[in-house]
Every structure is written in C-alpha cells, then in structure tokens.
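Below are the chains, spelled out letter by letter.
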Amino acid sequence: ARSRLVLIDGSGYIFRAFFALPPLTDPKGVPVGAVFGFCNMLFRLVQDMPGDQLLVVFDKGKASFRDALYADYKANRLEPPDDLVPQFKVVREATAAFGLPMVELDDYEADDIIATYAREARDAGREVIIVSSDKDLMQLIRQGVQMYDPMKQKAIDRDEVIARFGVGPELVRDVLALAGDTSDNIPGVPGIGVKTAAQLLQEFGDLEGLLANAATIKQPKRRENLLEHAEQARLSQQLVTLCDTVPSLAPLDQLHDGALDYWGLLEFAREHGFRSLAQRVEPLAESAARTPAPGALEPAPAAEYGTVHDLATLDAWLDRASARGILAFDCTTTSQNVARAELVGISLAVEEG
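Residues numbered from 1 in each chain as written. Predicted model: local features only at pLDDT ≥ 70, side-chain atom pairs only at ≥ 80, totals over all residues. Heavy atoms only, no water.

### Quick notes on the overall build of the protein
Here is step 1 of the chain: Along the backbone of the protein there are 14 helices and 8 strands.
Here is step 2 of the chain: Along the three orthogonal principal directions, the C-alpha set of the protein runs to about 85 × 55 × 40 Å.
Here is step 3 of the chain: For the protein, buried positions account for 42% of its 353 residues.
Here is step 4 of the chain: Once local pairs closer than 6 in sequence are excluded, the contacts in the protein between residues at least 24 apart make up 65%.
Here is step 5 of the chain: Side chains of the protein carry 35 positive and 53 negative charges; the gap between the two charge centres is 5 Å. (Helix = DSSP H or I, 4+ residues; strand = E, 2+ residues; numbered from the N terminus. Buried < 20%, exposed > 50% of the residue type's maximum accessible area, 1.4 Å probe, protein only. Contact = heavy atoms within 4.5 Å. Lys, Arg positive; Asp, Glu negative; His and termini not counted. Charge placed at Lys NZ, Arg CZ, Asp CG, Glu CD.)

### Quick word on the sheet that holds strand β6 (residues 154-156)
Here is step 1 of the chain: One open sheet accounts for 6 strands, arranged β3-β2-β1-β4-β5-β6; its pairing is mixed. Only two strands of the sheet have a single partner each, and these edge strands are β3 (102-103) and β6.
Here is step 2 of the chain: Sheet analysis places strand β1 (residues 5-9) next to strand β4 (residues 128-131), joined by 4 bridges and oriented parallel. Its bridge partner being in β4, Leu 5 is matched across the sheet by Val 128.
Here is step 3 of the chain: Against the sheet, helix α1 (residues 10-20) makes contact with β1, β2 (53-57) and β5 (145-149), and its axis sits at roughly 50 degrees relative to β1, the strand it touches most.
Here is step 4 of the chain: Sitting on the sheet, helix α2 (residues 33-48) touches β1, β2, β4 and β5, and the angle it makes with β2 is about 160 degrees. (Pairing = 2+ DSSP bridges. Axes fitted to C-alpha atoms, helices over the stretch in contact; angles between N-to-C directions.)

### Comments concerning a nonpolar patch on the surface
Here is step 1 of the chain: A surface patch of nonpolar side chains, about 350 Å² in accessible area, is lined by Phe 329, Leu 343 and Ile 346.
Here is step 2 of the chain: With respect to the secondary-structure elements, Phe 329 resides in strand β7 (residues 328-333).
Here is step 3 of the chain: Owing to a relative accessible area of 60%, Phe 329 belongs among the exposed residues under this scheme. (Patch = residues over 30% accessible without salt bridge, like charges linked within 9 Å, V, L, I, M, F, W, Y side chains within 5 Å. Areas by Shrake-Rupley, 256 points an atom, 1.4 Å probe, with all protein chains shown as cover. Salt bridge = Lys/Arg side-chain N within 4 Å of Asp/Glu carboxyl O.)

### Topic: the environment of Lys 89
Here is step 1 of the chain: Secondary-structure assignment places Lys 89 in helix α4 (residues 85-98).
Here is step 2 of the chain: Its relative accessible area of 58% is what places Lys 89 among the exposed residues.

Now the structure itself:
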C-alpha cells in the first residue's frame, strides 16, 4: 500500500498558535512565538508519522475566486496583528528547513488545495489525514479521509462533526449555507442558526430539498425568510463549498516525500533561539550523519551493518533471525537520563559483526 498523505493546514495553524501561545522573539528581535509552536507541531508529526508523505499548505494571499462571487467575502476580517505579520515568512523558512514540500497558489485558498490533494490521493486508494481543526475542512471527512487537531492532539471523525453540526460531513456546507458564518462573512438565512439548520436538513434531506419545500414550513417567519433569501442561501453554499479541482497543482508523485533535513532544522532552531527544539534535533542530526544513506548497505570492513528504512528490509532481517533462532537488540536514545531520553532507533543483530 502506498504511504498515507498528511496535508497540514499551515496558515490555519499559525493563526491558532499565535493566539494560543505566549509571545517570543528570536535573538534578532523578530517575533517567533507562533513559528516556535509551528515547529514543535511539525517535529511531533514527523516523529509520529514516519514513512508518510507530509505536505504543508499555505494561503498565498487574501484574494480568491470567491471574491468575484461575493464582494463582501471575508470583508469583516481585521488585518493580522503586527507581531504576526513577520512570522508568515519565517514559518515558510521553517518548512523549508524541515525539508518538507509546501504548496500555495494564487486565487485559491489553502482549503481548496487540501480538498484537491485529498480527492486525488483518495482516488488513488491512499489514506489521507488533514492536520487542522478548521470547520470548513470537516466537509471532506469520509472513508479514508480523517482530520487531526494538532493542538488538542486528537482525531476529528464523523461523530465529532455530528456533535458539532447536528449532521454528517456531507451536509456541513448546507448547514453553513443556512446558518451563515460570521468568521468568513457568509450571509446565510436570517433567523436560522446551526441547530435549526440541522433540524431542517434532517427533515428535507439537503439544501435544495429544503428550498423546494420552503412554502410548507409552518413557522411563518422561518418560511418567509427561506423563501425570500433562497438565492442568498445558494450563494452561501457556493462560498463555503471547497473546490477539489484546483488546476495547475504539481501532481502528488512529483512532490518529494519530505525526507527530514535534521541539520537544516538544527541550524534554523539555533538561529531563532529555539533551544528546546535544538536539543531534541541535535542527536538525530548527529545520528543521521553517522548512518549510511538509504540503500547504502555496502559491508564496512569490520562489520556488516545497514540502516533499515522500509518494511521489506526489516522482514528480511526478521527471516534471518527466525532461521538463526537468535536475535540481539539494543536501543539508541538521546540521553542516558531515563526521564529525558527519547528513542533514536533500535539496533538488531543475528551474529557477531
């Protein structure tokens, strides 16, 4: 099976990190609190998801194709705080330091790029994890596509969507079309909130089914609003629906898998004064320097050792161990202090040398 695709909502995360974490400046006086949170999140993901294809997605600018549909789309948004603005550039530098691919595109939001890559990967039979807590992305959850909230470190599944919206992921955009969304300035239908929207959709099936039967609704005010604002509801649905056919994106198989650049990350962490991150990365960088590149299993003069990077190689070693009846193993850690030690790797041997 091909590796999972992990799509990371970089723009969404840096906003959340900025408001959730204490301010921090690097040795040059540049604000980096949100970048620090972003780096810790990425480092944790890379450690927890070895072998998966990680891709970081950003919003390129404020403009998107939705502005042509509705001039007031996101018009209520304030400019980002002064302390956050310089961090947008640094967070991209951080992603490059990790050695991870990043994607952003004019006229489309990060959510649209995520929707497109999620569909492509799912069509190819791959599992997808979307790293975000953005409610708009919840419409993408289905068999083979799940979300993961990196701040709460928990999965967001169908049950969670139903608990929040009263409907499954397939009707999230219909709920938002009716209830509107103040954060994106989506108008919706006056007088209808999330709870009422969910009840109406359960009764009438979907937005079009509801609008077609709006005249049969007993509550007069609700009936009038739905009849009067039907087109506004349809427009709202268009605005919240993610585009999963974004053109001119690089195919997934042309994006590198993001083999971690521990030395680049270490240099970046030191430059910006991220001491705790540097302490965790340093032993991994040194270990990477000592191990041969993947596939370099040439026997060394004194002993025959190789680095196992895939299951097939591991299976071959385990077959040798089964045939021999003996397996020696040793753990390599970042420290001899048990409380602080983190696992770097495991050494296996079936005979001396």
